[in-house]
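Structural features, examined
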Amino acid sequence: MFPGQGSQYIGMGKEFYDTMPEVKAVFELANEVTGMDIAALCFEENDKLNITEYTQICMLTTEAAIYTALKAAGIDCDVTAGLSLGEYGALIASGAMSMKDAFAVVRKRGIYMQQAYPNGGAMSAILGLDAEKIAAICEETEAKRSEVVSIANYNCPGQIVITGKAEAVKEAAEACKEAGAKRAVELKVSGPFHSALLKEAGDKLGEALKDVEIQPIEIPYLTNVTADYVKDPADVKDYLVRQVSSSVRWQQTIERLIADGADEFVEIGPGHTLCGFMKKINRDITTYSIDKMEDFNKYVNR
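All values reported here derive from a predicted model rather than from experimental measurement. (Residues numbered from 1 in each chain as written. Predicted model: local features only at pLDDT ≥ 70, side-chain atom pairs only at ≥ 80, totals over all residues. Heavy atoms only, no water.)

Regarding helix H11 (residues 250–259), the residues found buried are Trp-250, Gln-251, Thr-253, Ile-254 and Leu-257. All buried residues of H11 fall inside an arc of 160° around its axis, so they share one side. Looking at the buried positions of H11, the neighbouring elements they touch are strand E2 (149–156), strand E5 (222–223), strand E6 (228–229), strand E7 (264–268) and helix H12 (273–281). Directly beyond the C-terminal end of H11, a positive phi value near 105° is found at Gly-261. (Buried < 20%, exposed > 50% of the residue type's maximum accessible area, 1.4 Å probe, protein only. Helix = DSSP H or I, 4+ residues; strand = E, 2+ residues; numbered from the N terminus. Arc of directions from axis to C-beta. Contact = heavy atoms within 4.5 Å.)

Here is the structure:
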């Protein structure tokens, strides 16, 4: 499992970079593709890491690097998925997209998403309210205000993120609290991600994807858009375009994998957000989070 943006931190991936030549090579490839010093952005104090256009490429580089370290240790997955940006980590693992192409596309994706709706958008996490009620409240608020507000992320039971125009999100969040939500937490984000307001960013991404060659899918992966397996490589680009403005169906993705027999989930990348979601989706499932060298050594030598 590959996480999305939000769990980035200064120093992510540095222990791997300092000790494994394969990892250093991944960062060097990212530098070459983007023309930026990705290692410096990830490792040295700066004010760019939390800005979407930089966050996305830095997160993906770190995820790809740790995944490369696991492969070098002889470990690979049977099936893969990633949350939002993390879907590109899953694409790399699946074999459908080369690391070089994924870095180039994600660099552009971050820029397009940053530019698409720079002001007036918002996202809020609604805690402790049924997803159907939240969806109904969003629909009512959108109809009343004629402003976009919808579900961005189905993270896990009791945690749904809504997105859209700032005032509409605020009103819907208040309505959710009145309907019984425990809390509504405004997220520190730079845009109304995974909403219809990002459609233009998705369209631009579609243009950027035209020159990208999609390879055969060697390891099955699931897309956020449908929470289902992508069987035909010809569908990959369409899902990536739609993903920018569609709901992320993470809970449904994990439930599908569990139903299909997946019994060990490994989160690859900064933080342990996805393992946290798993505890609320199904706490009987074995999970591992590989963020630091200590996590890696424990997992490889278990």
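From this point, the narrative continues.
For the rest of this paragraph, the subject is the environment of Gln-56. Relative to the helices and strands, Gln-56 is located in helix H4 (residues 52–72). Filtering out sequence-adjacent residues up to four positions away, Gln-56 remains in contact with Gln-5, Leu-85, Val-106, Arg-109, Gly-110 and Met-113.

Scanning the entire structure with this criterion turns up 16 salt bridges. Here Lys-204 and Glu-200 are joined by a salt bridge, their closest N and O atoms 3.7 Å apart. Here Lys-204 and its partner Glu-200 are both found in helix H9 (residues 199–209), four residues apart, which amounts to about one turn of the helix. Glu-200 gets classed as partly exposed once you look at its relative accessible area, which sits at 48%. Within this structure, Lys-144, Arg-145, Glu-147 and Glu-171 form a network of salt bridges that share partners. (Salt bridge = Lys/Arg side-chain N within 4 Å of Asp/Glu carboxyl O.)

Interhelical geometry of helix H2 (residues 21–34) versus helix H6 (residues 99–116) gives an angle of 50° and a closest axis separation of 9 Å. The angle between the axes of H2 and H6 places the two elements in the oblique class. Between H2 and H6 lies a crossing whose hand is right-handed. Only Met-99, Lys-100, Phe-103, Ala-104 and Arg-107 of H6 make contact with H2, whose side of the interface consists of Val-26, Leu-29, Ala-30, Glu-32, Val-33 and Thr-34. Here the residues of the contact of H2 with H6 sort into seven nonpolar, one polar and three charged. (Axes fitted to C-alpha atoms, helices over the stretch in contact; angles between N-to-C directions. Parallel < 35°, antiparallel > 145°, perpendicular 65-115°, else oblique. Left-handed = near helix turned anticlockwise from the far one by under 90°. Nonpolar A, V, L, I, M, F, W, Y, C, P; charged D, E, K, R; others polar.)

Turning our attention to the environment of Ala-116. Here Ala-116 lies in helix H6. In this structure Ala-116 touches Leu-198 and Ala-201, once residues within four positions along its chain are discounted.

This paragraph deals with the packing of aromatic side chains. By the definition in use, this model includes six aromatic pairs. Taking the centre distance of 6.1 Å and the plane angle of 70° together, the rings of Phe-2 and Tyr-67 count as edge-to-face. With Phe-2 in the segment before helix H1 (14–19) and Tyr-67 in helix H4, this residue pair connects regions lying 65 residues apart in the sequence. For the pair formed by Phe-2 and Tyr-67, the shared burial category is buried. With centroids separated by 4.8 Å and ring planes inclined at 65°, the aromatic side chains of Tyr-288 and Tyr-299 adopt a geometry described as edge-to-face. Of the two residues, Tyr-288 sits in strand E8 (residues 286–290) while Tyr-299 sits in helix H13 (residues 293–300), which places them eleven residues apart along the sequence. The class for Tyr-288 is partly exposed, based on a relative accessible area of 26%. (Phe/Tyr/Trp six-rings, centres within 6.5 Å; stacked < 30°, edge-to-face > 60°.)

To continue, consider the side chain of Arg-109. Looking at the secondary structure, you find Arg-109 in helix H6. Although Arg-109 is buried, it makes no salt bridge; Glu-87 carries the closest opposite charge, 7.5 Å away. A distance of 2.9 Å separates the side chain of Arg-109 from the side chain of Gln-56, its partner in a polar contact. Excluding residues that lie within four positions of it along the chain, Arg-109 makes contacts with Gln-56, Ser-84, Leu-85, Tyr-88, His-194, Leu-205, Gln-243 and Val-244. (Lys, Arg positive; Asp, Glu negative; His and termini not counted. Polar contact = N/O pair within 3.5 Å; in protein donor to acceptor, adjacent residues only side chain to side chain.)

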